[in-house]
Every structure is written in C-alpha cells, then in structure tokens.
Amino acid sequence: GGKWTYDGPDGEHHWSRNFPYCGGAFQSPINFQPELLRFDPNLLPIQLQDYNLSTKEQLTLSNNGHSVLLSLPSRMHLTGLPHRYSAAQLHFHWGSSNTPVGSEHTVDGKQFGAEMHLVHFNSAKYPNISTALDKSDGLAVLGVFIEVGEYNPAFDRFLKYVNGIKYNGQKVQVAGFNVRELLPARLDEYYRYDGSLTTPPCFPSVLWTVFRNPVSISLRQYLALASALFSSHAQEAAPMPLLGNYRKTQLMDNRVVLVSFQQ
Ligand SMILES: NS(=O)(=O)c1c(F)c(F)c(S(=O)(=O)CCO)c(N[C@H]2CCc3ccccc32)c1F
Ligand SMILES: [Zn+2]
C-alpha cells in the first residue's frame, strides 16, 4: 500500500484515503474510560507458551521506518484466549526525547511513556499472519504500558543493539531470551476489547488485551528508542527522526471494554 506517516500530509488524518478501514469502525487505540469498563469474571489469566527462548535462537531486530520490530518464532503462542494465537513480532510506540509520552492506549486520559505490542495470529485457523491479517478473528495483540523510571535489564537484551538499526530497512540478529521478562508480573489483570491494527491497513481484526500494570525502563533506555532512530533510509540526505509513532485514540462506536479485575 501507499506510504503513511504519523504527521504531515501523509499523517493519520489522511490514512483513510489509501486505507479505507482506517476511516471505519472498531478502530484502535482507545481511551479506557473508567465509567465504560465492565468486570468480566470469565476473563482467564493470559498463558504464555514457549516464551522462554533459548540463547541459541536468533531473532531479527529491525527498523521498518514506522517502529522497531523484533521477530518472534511462531512456536511461541498464547492460550487462555478464545483460540490458540501464535507470535509474529513485537514492536513499540513512543513519544519524543523532550516529551516522554507516547503510548497508544490511555487510561482515563493518561498517556504512558511508551507502549509495547506483541502481535499474534490465530494459528488454529490460519497458516500465517498474512492470511489472518484481515480476518475478524485473525489477530490477538498484547499491549504493555511502559513508564520511564527504573532501569529494566530485560529490555537491554535488544535495546543495546538499536544503534545497528538506526535507519529504515536495517536489521540485526539478537540472541533469544525469556520474552516473559518484558511483561508485567500480573498477567491476570488486563483490559479486553475488539479493535484494529493501529497502523494502515487498520483492519478491524484484533482482539486486544492491554495489561493493567505498566513495566518500567530507565530514561537512558527510553532515549535509546526516542533519540537514536530514523524513519528515513541511511543514504537519504535529510535524516527524519522516528518520533511520536503513536495513533490518537479513536471513537468507541458503542464498544464495551471488559476488565479482568475489580479493583
Ligand atoms: N499497533 S499494531 O499492533 O496494530 C501494529 C503496528 F503499530 C505496526 F507498526 C505494525 S508494522 O508491521 O510495524 C508496520 C505496519 O504494518 C504492525 N504490523 C502487523 C500488521 C501488518 C503485519 C504483517 C506481518 C506481521 C505483523 C504485522 C502492527 F500490527
Ligand atoms: Zn503497535
């Protein structure tokens, strides 16, 4: 599809020109408004299968001009959801070096420093993510709020390599690690709703699970994301910093947000 950015003439208010679903219903991200949350006792703790990757495993860390992506083997999967969902990749959304707020989802209007997404596809029904991408039961994304605060050694398993992927199209290999360490302790406390990809093509194909509790990274780690990366290619004359890669919150369209916690 066409090129898109987070601001300027190809920014989010123009996405629907080339990507019609971006102007449609059931879009993500959203604001979690306390008065619209409904406790659902049937929401089970999320179970992570095969998330503890061997150091012999090689993962690809890449810059695709929109985010920093880490490829994940499809052997990693989730249970405790309506179907089995296999991992595809994780990526991040962040703000800028002098405005360290860049999460996509917000809680009662509060935006967090950044947000990590672990993208999975319904492997019980679809052979790969490309076929699952535009199906209403195709994807499940885990969202993790990130706060700037205490240093987090788990994030340095890959953040220390971002200098090798400064520009769009660059990739490096990183050793496998226990991806569980990137997530908050409580996998039983989360927000749950039906939404979409937050980037073009914005397919309304995502079962969203956003964990209630944030994880923390240090300011130095945050700046590795928010001041070292470019959306432009290495050979381009004018380097474009990769900043503020988060979509604004979208209309609720009569959706209810379920929560697995009561307080
Ligand atoms: N916030 S989000 O979870 O909705 C989300 C993104 F925000 C995002 F940037 C990407 S992307 O691949 O980096 C670029 C545009 O697709 C994807 N990538 C998904 C969509 C397309 C695709 C194809 C293969 C593997 C993953 C993805 C994504 F699911
Ligand atoms: Zn995302």
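Placed above this text is the structure.
Residues numbered from 1 in each chain as written. Chains lettered and ligands numbered in written order. Predicted model: local features only at pLDDT ≥ 70, side-chain atom pairs only at ≥ 80, totals over all residues. Heavy atoms only, no water.

(A) Here's a closer look at the overall build of the protein. Scanning the protein from N- to C-terminus turns up four helices and 16 strands. Computed over its C-alpha atoms, the radius of gyration of the protein comes to 17 Å, within 12% of the 18 Å expected for a compact globule of 263 residues. Its C-alpha atoms give the protein principal-axis dimensions of about 55 × 45 × 40 Å. By the burial criterion, 50% of the 263 residues in the protein qualify as buried. Here the analysis covers contacts within the protein between residues at least 6 apart in sequence; of these, 73% occur between residues at least 24 apart. (Helix = DSSP H or I, 4+ residues; strand = E, 2+ residues; numbered from the N terminus. Rg over C-alpha atoms; globule rule 2.2 N^0.38 Å. Buried < 20%, exposed > 50% of the residue type's maximum accessible area, 1.4 Å probe, protein only. Contact = heavy atoms within 4.5 Å.)

(B) Expanded view of the state of the cysteines. Enumeration according to the criterion identifies one disulfide in this entry. Note that C22 is cross-linked by a disulfide to C202, the S-S spacing being 2.1 Å. Between C22 and C202, the S-S dihedral sits near 85°, and the bridge is therefore right-handed. One end of the pair, C22, is in the loop between helix 1 (15-18) and strand 1 (31-32); the other, C202, is in the loop between strand 13 (190-195) and strand 14 (206-211), with 180 residues separating them in the sequence. You can call C22 buried: its relative accessible area is 9%. Of the residues examined, C202 reaches a relative accessible area of 0% and is grouped as buried. (Disulfide = S-S within 2.5 Å.)

(C) Expanded view of the site of ligand 1. In the vicinity of ligand 1 lie 15 residues, with N64, H91, H93, T198 and T199 positioned nearest. Between T198 and ligand 1, the recorded distance is 2.7 Å, taken from a side-chain N or O atom to a nitrogen atom. Look at ligand 1: alone it shows 550 Å² of surface, and the protein chains cover 84% of it. Listed by contribution, the elements that provide at least two residues to the shell around ligand 1 are strand 7 (85-94) and strand 10 (114-122). Counting residues per element, the shell around ligand 1 draws most heavily on strand 7, which supplies three residues. Among the residues making up the shell around ligand 1, the classes are represented as seven nonpolar, seven polar and one charged. (Near = heavy atom within 4 Å. Polar contact = N/O pair within 3.5 Å; in protein donor to acceptor, adjacent residues only side chain to side chain. Areas by Shrake-Rupley, 256 points an atom, 1.4 Å probe, with all protein chains shown as cover. Nonpolar A, V, L, I, M, F, W, Y, C, P; charged D, E, K, R; others polar.)

(D) Molecular detail of the coordination of the zinc ion (ligand 2). Taken together, the protein donors to the zinc ion (ligand 2) comprise H91 (NE2), H93 (NE2) and H117 (ND1), at separations of 2.0 to 2.1 Å. Counting along the primary sequence, the residues that act as donors to the zinc ion (ligand 2) give the motif H-x1-H-x23-H. Within this pair, whereas H91 is found in strand 7, its partner H117 is found in strand 10, the two being separated by 26 residues in sequence. (Donors = N, O, S within 2.8 Å, 3.2 Å for Na, K, Ca; no water.)

(E) The environment of Y21, seen in detail. Along the chain, Y21 falls in the loop between helix 1 and strand 1. If near-sequence neighbours (up to four positions away) are discounted, Y21 is found in contact with Q27, P201, C202, F203 and P204.

(F) Representation of the packing of aromatic side chains within the structure. Summed over the entire model, instances satisfying the criterion amount to 14 aromatic pairs. Centre to centre, the rings of Y21 and F203 are 5.4 Å apart; their planes meet at 70°, and the pair counts as edge-to-face. You can see Y21 sitting in the loop between helix 1 and strand 1 and its partner F203 sitting in the loop between strand 13 and strand 14, a full 182 residues away along the chain. Taken together, a centroid distance of 5.0 Å and an interplanar angle of 10° make the contact between Y167 and F230 stacked. Taken together, the residues span a long stretch of sequence, with Y167 in the loop between helix 3 (156-159) and strand 12 (171-175) and F230 in the loop between helix 4 (219-226) and strand 16 (257-259) at a distance of 63 residues. On the basis of relative accessibility, which here comes to 17%, the residue F230 falls in the buried class. An aromatic cluster of at least three residues, connected via ring pairs, comprises F32, Y191, Y193 and F261. The ring centre of F112 lies 4.7 Å from the NZ or CZ of K110, which sits over that ring. The positively charged end of R212 is found above the aromatic ring belonging to F261, 4.1 Å away from the centroid. (Phe/Tyr/Trp six-rings, centres within 6.5 Å; stacked < 30°, edge-to-face > 60°. Lys NZ or Arg CZ within 6 Å of the ring centre and 35° of its normal.)

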